[in-house]
Every structure is written in structure tokens, then in C-alpha cells.
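Working through the structure, step by step
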Amino acid sequence: ELARPGGSREVPKNRLVALDARSSLDPDFPDDLVEVNLAWSFRYRCISPEGTPCFPVASDTSELTDLRDCELSTETFEDLGTLYEVPSFSTELLRSDSYYCRHPTKRGVLLLNVPNENALYPGPGGVPAPYIFNITGSSYGREASAAATISVSTAEVAPPAVVLT
């Protein structure tokens, strides 16, 4: 069973995003942690609101190609209540690690460079633009898929809060 990688959500253009599928589970091996189990592998696809690939690296496929391990700094960022190390993204236009990379020690975590000016744009007038990420996890010859919609906006999104009066 592949966990929803953080679920569908709206994010501002200036934030890093983690698609985290570490809570996925193989019911035949329920005690095997995904993030350290070498039997697990992940593939990612992304479709833009126009139905085209999300990143200029491979404009002929929605598959996130040339997936590289992140080079991580000591700084952290928070996404959905979890801390992740900030990756050092490349500045070259046609390198995949300018836009996304996989966490080198936490299998199932894909880090997205939403602030990159060449990908994942908000819609006209700053209206949130939905990008559909499909994640396929494989383990011991079986696979499952899940999807998450990341809507990119220009506005800072406040987390929901409850105020007791």
C-alpha cells in the first residue's frame, strides 16, 4: 500500500516541498521501514495544468527522469510538520537536480524546488495552479501508485488554526 505522499495541498511559490511516501507499507513485510529497505524503489511523474510535463528537463515525458540524490545542507525546512534538510539545487536549466532530487538516506522522499523560476508556476493572476504528481512504489515484485496534487500559488498559505473563545 503506497501512502499518499503528503496529500494534496496548496503551497506558495517560495516554499520547498517534500513528497514523502515513507509511511507506505508492504503488508507481507509490515515491519520493514520503507526509508531504509533496499527492496523499495520509487518512480515519479508530474503533469502540469496544461497536461504537459512539469519540468523543462525532459519535455517529452511526464516521468521525472535522471533522478539524483540531493546534496543536503545543515539547514532545515518544515513541510507538513516534518523537518527536512535543505537541498543544494543546481542552477543549470537542463539538469534535473535544479528542480527535484531524492533524499539520499530516506527512501521515498522526493524534494521539490518549487521556488525555481522555470517550473511549477502559479496560474494567471496568482490563482493556484494544480500539478498532479503520481508516485509508484515497488517492493518485492509488486507495485502500487498514489497521487498528490500540489497547487502552486503566489500567496503565503496560512495553516488552519482553531481559536477558542
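This write-up is about the structure you can find in this document. The structure presented is a predicted model; accordingly, all values stated were derived computationally and were not measured. (Residues numbered from 1 in each chain as written. Predicted model: local features only at pLDDT ≥ 70, side-chain atom pairs only at ≥ 80, totals over all residues. Heavy atoms only, no water.)

Side note on the pattern of salt bridges
Basically, it comes down to this: By definition, a salt bridge exists where a carboxyl oxygen of Asp or Glu is found within 4 Å of a side-chain nitrogen of Lys or Arg. Where helices and strands are cited, they refer to DSSP runs of H or I of at least four residues and of E of at least two residues respectively, numbered from the N terminus.
Under the criterion given, the structure shown has 10 salt bridges. Residues R22 and E35 are paired through a salt bridge, measuring 3.4 Å at the closest nitrogen-oxygen approach. Placement of the pair is R22 in the loop between β2 (17-20) and β3 (41-47) and E35 in the loop between β2 and β3, with a sequence separation of 13 residues. Its salt-bridge partner being R43, residue E143 comes within 3.5 Å of it at the nearest N-O pair. Here R43 lies in strand β3 and E143 lies in strand β9 (residues 142-153), a separation of 100 residues in the sequence. Shared partners join several salt bridges into a network, and the residues in it are D20, R22 and E35.

Focus: the pairing of strand β8 (residues 129-139)
Rule in force here: Any residue under 20% of the maximum accessible area for its type is buried, any over 50% is exposed, and the rest in between are partly exposed; the area is computed with a 1.4 Å probe on protein chains only. In this scheme, strands are said to pair when DSSP sees at least two bridges between them.
For β8, a buried count of 8 out of 11 residues is recorded, marking the element as mostly surrounded by other parts of the structure. Across 7 bridges, the pairing between β3 and β8 is antiparallel. If you follow S41 over to β8, its bridge partner there is S138. Here β8 runs beside β9; their pairing, made up of 11 bridges, is antiparallel. Note that in β9 the partner of Y131 across the bridge is I150. Counting the residues in the hairpin turn of β8 and β9 gives 2 residues, including Y140, whose phi is positive at 50°.

Quick notes on the packing of aromatic side chains
Short version of the rule: Ring pairs shown here join Phe, Tyr and Trp side chains whose ring centres sit within 6.5 Å, with only the six-membered ring taken for Trp; geometry is labelled stacked below 30 degrees between planes, edge-to-face above 60, and tilted in between.
Across all of its chains, the model carries 5 aromatic pairs by this definition. Taking the centre distance of 5.7 Å and the plane angle of 15° together, the rings of W40 and F42 count as stacked. Like W40, the residue F42 is buried in the burial classification. Between F55 and Y99, the aromatic rings sit 5.7 Å apart at their centres with planes inclined by 45°, giving tilted as the arrangement.

Looking at the side chain of R9
Stated precisely, the cut-off is as follows: Contact between two residues is taken to exist if any of their heavy atoms lie within 4.5 Å; hydrogens are not considered.
Secondary-structure assignment places R9 in strand β1 (residues 9-12). On the accessibility criterion, R9 (12% relative accessible area) is buried. Among all residues touching R9, those that are not within four sequence positions of it are V17, A18, D79, L80, T149, I150 and S151.

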